[in-house]
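# Results of the structural survey
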Amino acid sequence: MNNSRVDIIVNNAVQDARVRRHEFVTTEHLLNALLVDQEIADFLGKLNIDTSGIIADNTSFLDSELEEMGEGEIDPTMGTKITGTLERVLKRAVTQSTV
């Protein structure tokens, strides 16, 4: 997977968090972005992994467990922030991909 595809997937995760009005981008947002990526979905399908249940459960979690920001709480200058956990995941992935 090249860097531009990774950037697209991460940007899709950020966009998912924004659409859901979440203050933070989490590993769950990244999971959804990965599972709906066509190349990844095709690969998982070849392994007979049905992602629809994972997507449904993860989406349910995002919709019910993460707090939605209200109109007055959104600071357009700040944007949606990546959690420390997601940042560590991304850094680790970059480190592993260069080994």
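Our subject in this report is the structure included herewith. As the structure is a computational prediction, the values presented were derived from the model and not from experiment.

### Regarding the overall build of the protein
Regarding its fold elements, the protein presents 5 helices and 2 strands. Mapped in sequence order, the helices and strands of the protein form the string α-β-α-α-α-β-α. Scored against the burial criterion, the 99 residues of the protein give a buried share of 26%. Total accessible area on the protein is roughly 6,800 Å²; 54% of this is exposed by carbon and sulfur atoms.

### Some points on helix H2 (residues 27–36)
Looking only at H2, the buried set comprises His29, Leu30, Asn32, Ala33 and Leu35. Lining the buried residues of H2 we find helix H1 (3–19), strand S1 (24–25), helix H3 (38–46), helix H4 (52–65) and helix H5 (84–97).

Scoring rules and cut-offs
- Residues numbered from 1 in each chain as written.
- Predicted model: local features only at pLDDT ≥ 70, side-chain atom pairs only at ≥ 80, totals over all residues.
- Heavy atoms only, no water.
- Helix = DSSP H or I, 4+ residues; strand = E, 2+ residues; numbered from the N terminus.
- Buried < 20%, exposed > 50% of the residue type's maximum accessible area, 1.4 Å probe, protein only.
- Areas by Shrake-Rupley, 256 points an atom, 1.4 Å probe, with all protein chains shown as cover.
- Contact = heavy atoms within 4.5 Å.

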